[in-house]
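Listed below, chain by chain, are the residues.
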Amino acid sequence: MLTDTILKNIKPTGKVFKMADRDGLYVRVSPKGARTFAYNYRVNGRQETINFGQYGIGGITLAEARQKLSEAKRLRNAGVSPARAAVAAVEGERTFASWAEEWMEKHRMADSTRAMKRSVYERDLKPHFHNKLMREIDHHALRRRTDEIVARGAPAVAIQARDIVMMVFRYAVERGLDVEANPADRVKPSSIATFVPRDRMLQPTDIKTLYTYLERVGTGIQFKVAIKLLLLTMVRKSELTLATWDEVDFEARTWTIPKERMKMGRPHVVYLSRQAFDLMIALKTFGGSSSYVLPNRYEFDKPMSAATLNRVISSAVEKARGDGVDMPDCGPHDMRRTASTLLNEAGYATDWIEKCLAHEQRGVRAVYNKAEYREQRTAMLQDWADMIDEWVK
């Protein structure tokens, strides 16, 4: 182990040599006698060396070198390169936590969406990535993290975590950060989780694919809008295809489906998100004088065929597969299952989701729970629409 006496009395030999201290710290002596503290280590599969500074007047003491060694080991154990961190500190490079906090504060999103994303960040990303430099987070690190989240049984949370990393990197790059790649680009959502066909639902990447290929299907735009409305409003196919304009209140931004058309025989109010409201206006423009929201293509006094939306979705899926894109079979009812599953896994209250699906409770719980959750459902459906917007960018 080195001491100040030993360090002061080191004599140069005309060539570089090393003298060991403790815990991996050593001093490298130059041919002219300059004594530099250094440490060799491995991090993220790389062999690196960090220099702590020269010993002596204008340099650092042995005690300071040992303190720097302790900090370097702490960073290395966290998967951060001490040498790169030192360079970054001089250059002012920021950590993932710094960028993530700024993105969550400044990125436009609904308050409840922000709260949901912050929850995912705090629990599933911050403990692992917060003190890492952006360049320290590659697709291998992100893949390990999403795999760990999936292993605990939360695939939708893993996809949310991946999306947060993607958006934080995009935000940082737009503001001048120079990194080689966005790690999320090589961790596709479809590779994070798969689902049993009988519980078929779309992942965010599948929703993006569906939206992309709907635009390539040679059919009327009103049918493409209708499929998006199914996803946004969580209604059954027949509840939309048989809808009439006297059910839509453009001032209140609600759509009230009468009890005669509801499976459970009770009227159901849909609180329209900003996006769903815009689509309703578009359908009103397309529909002309018909009383139906989705009139038959050839007979405006009749609703569209019940099979139309199935055919449009199937055509979009076939086109995607024709381009080599992995896309599951799906139909109109899968839009409801998709919304229900992703919202449940995102942490929204089951009662709110069940009310949006018009699932009436039975038994003792039904007796005591008569709440309609208007405000909560309105906010949740807006969050859901905003989430879809993020995925389909």
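Quick caveat, the model's predicted, so the values are computed rather than measured.

Cut-off values and rules
Residues numbered from 1 in each chain as written. Predicted model: local features only at pLDDT ≥ 70, side-chain atom pairs only at ≥ 80, totals over all residues. Heavy atoms only, no water. Helix = DSSP H or I, 4+ residues; strand = E, 2+ residues; numbered from the N terminus. Buried < 20%, exposed > 50% of the residue type's maximum accessible area, 1.4 Å probe, protein only. Pairing = 2+ DSSP bridges. Axes fitted to C-alpha atoms, helices over the stretch in contact; angles between N-to-C directions. Contact = heavy atoms within 4.5 Å. Phe/Tyr/Trp six-rings, centres within 6.5 Å; stacked < 30°, edge-to-face > 60°. Salt bridge = Lys/Arg side-chain N within 4 Å of Asp/Glu carboxyl O. Core = buried A, V, L, I, M, F, W, Y, C linked by side-chain atoms within 4.5 Å.

**Student:** Just checking my understanding: could you explain the environment of Tyr298 for this structure?
**Tutor:** Assignment of secondary structure puts Tyr298 in the loop between helix H12 (274-287) and helix H13 (308-322). Judged by relative accessible area, Tyr298 falls into the exposed class, the value being 70%. Through-space distance from the C-alpha of Tyr298 to that of Tyr373 is 40 Å; in sequence the pair is 75 residues apart.

**Student:** Where do I start with the sheet that holds strand S5 (residues 248-249) in this structure?
**Tutor:** The antiparallel open sheet is built from three strands, whose spatial order is S5-S6-S7. Either end of the sheet is taken by a strand with one partner, and the two such strands are S5 and strand S7 (268-271). Sheet topology places S5 next to strand S6 (residues 254-257); two bridges connect them, and they run antiparallel. Note that in S6 the partner of Val248 across the bridge is Trp255.

**Student:** What's the story with the sheet that holds strand S4 (residues 46-54) in this structure? I'm lost.
**Tutor:** Sheet strands pair via backbone hydrogen bonds, and the direction of the pair is either parallel or antiparallel. Read across the open sheet, the four strands follow the order S1-S2-S3-S4; overall the sheet is antiparallel. Of all the strands in the sheet, just strand S1 (17-20) and S4 have a single pairing partner and so form its edges. Each adjacent strand pair in this sheet contributes to an overall mean axis angle of 35 degrees, direction not counted. Sheet topology places strand S3 (residues 35-43) next to S4; eight bridges connect them, and they run antiparallel. Counterpart to Phe37 in the pairing with S4 is Gly53. With respect to the sheet, helix H2 (residues 62-77) is in contact with strand S2 (25-29), S3 and S4, its orientation differing from that of S3 by roughly 15 degrees.

**Student:** Honestly, the packing of aromatic side chains in this entry has me stumped. Any pointers?
**Tutor:** We describe a pair of aromatic rings using the distance from one ring centre to the other and the angle between the two ring planes. Inspection of every chain in the model, using the stated rule, returns eight aromatic pairs. Taken together through their ring pairs, the aromatic side chains of Phe96, Tyr121 and Phe129 make up a single cluster.

**Student:** Help me understand unusual backbone geometry in this model?
**Tutor:** Of note in the backbone geometry, Arg253 takes a positive phi value of approximately 60 degrees without being a glycine. Inspection of the secondary structure puts Arg253 in the loop between S5 and S6. One non-glycine residue, Ala358, adopts positive backbone phi at about 60 degrees.

**Student:** Can you help me understand the pattern of salt bridges in this one?
**Tutor:** For side chains bearing opposite charge, pairing can occur when the charged atoms are close. Following the criterion strictly, the structure yields 26 salt bridges and no others. Linking Asp329 and Arg321 is a salt bridge whose minimum nitrogen-to-oxygen distance equals 3.1 Å. Between Arg377 and Glu372 there is a salt bridge; the shortest N-O distance is 3.6 Å. You can call Arg377 buried: its relative accessible area is 2%. Glu372 sits in the partly exposed class, given a relative accessible area of 42%. Bridged by salt links that share partners, the residues Glu101, Arg118, Glu122 and Lys126 form one connected network.

**Student:** Help me understand the nonpolar core in this model?
**Tutor:** Buried together is how nonpolar side chains tend to be arranged in soluble globular proteins. The biggest cluster of nonpolar side chains holds 97 residues, and the ones touching the most others in it are Phe96, Ile207, Leu210, Trp255 and Trp384. Sorting elements by how many residues they give to this core places helix H7 (residues 155-174) first, with 13 residues. Ranked by size, the runner-up nonpolar core spans 18 residues in total, among them Ile10, Ile50, Tyr55 and Ile60.

**Student:** I would appreciate a short explanation of the pairing of S1 in the present structure.
**Tutor:** Two faces, one strand: in a regular strand the side chains alternate between the faces of the sheet. As paired strands, S1 and S2 are joined by four bridges and run antiparallel to one another. By the bridge assignment, Lys18 is partnered in S2 with Arg28. Hairpin connection between S1 and S2: a loop of four residues separates the two successive antiparallel strands, and Asp23 in this loop has a positive phi of roughly 60 degrees.

**Student:** Explain the environment of Val235 here, please?
**Tutor:** For Val235, the location among the structural elements is in the loop between helix H10 (221-233) and helix H11 (237-241). Val235 sits in the buried class, given a relative accessible area of 1%. Residues Val235 and Phe223 lie 12 residues apart in sequence; the distance between their C-alpha atoms is 15 Å. Residues within four places of Val235 in sequence aside, it is in contact with Leu230, Leu240, Trp255, Ile257, Val270 and Arg336.

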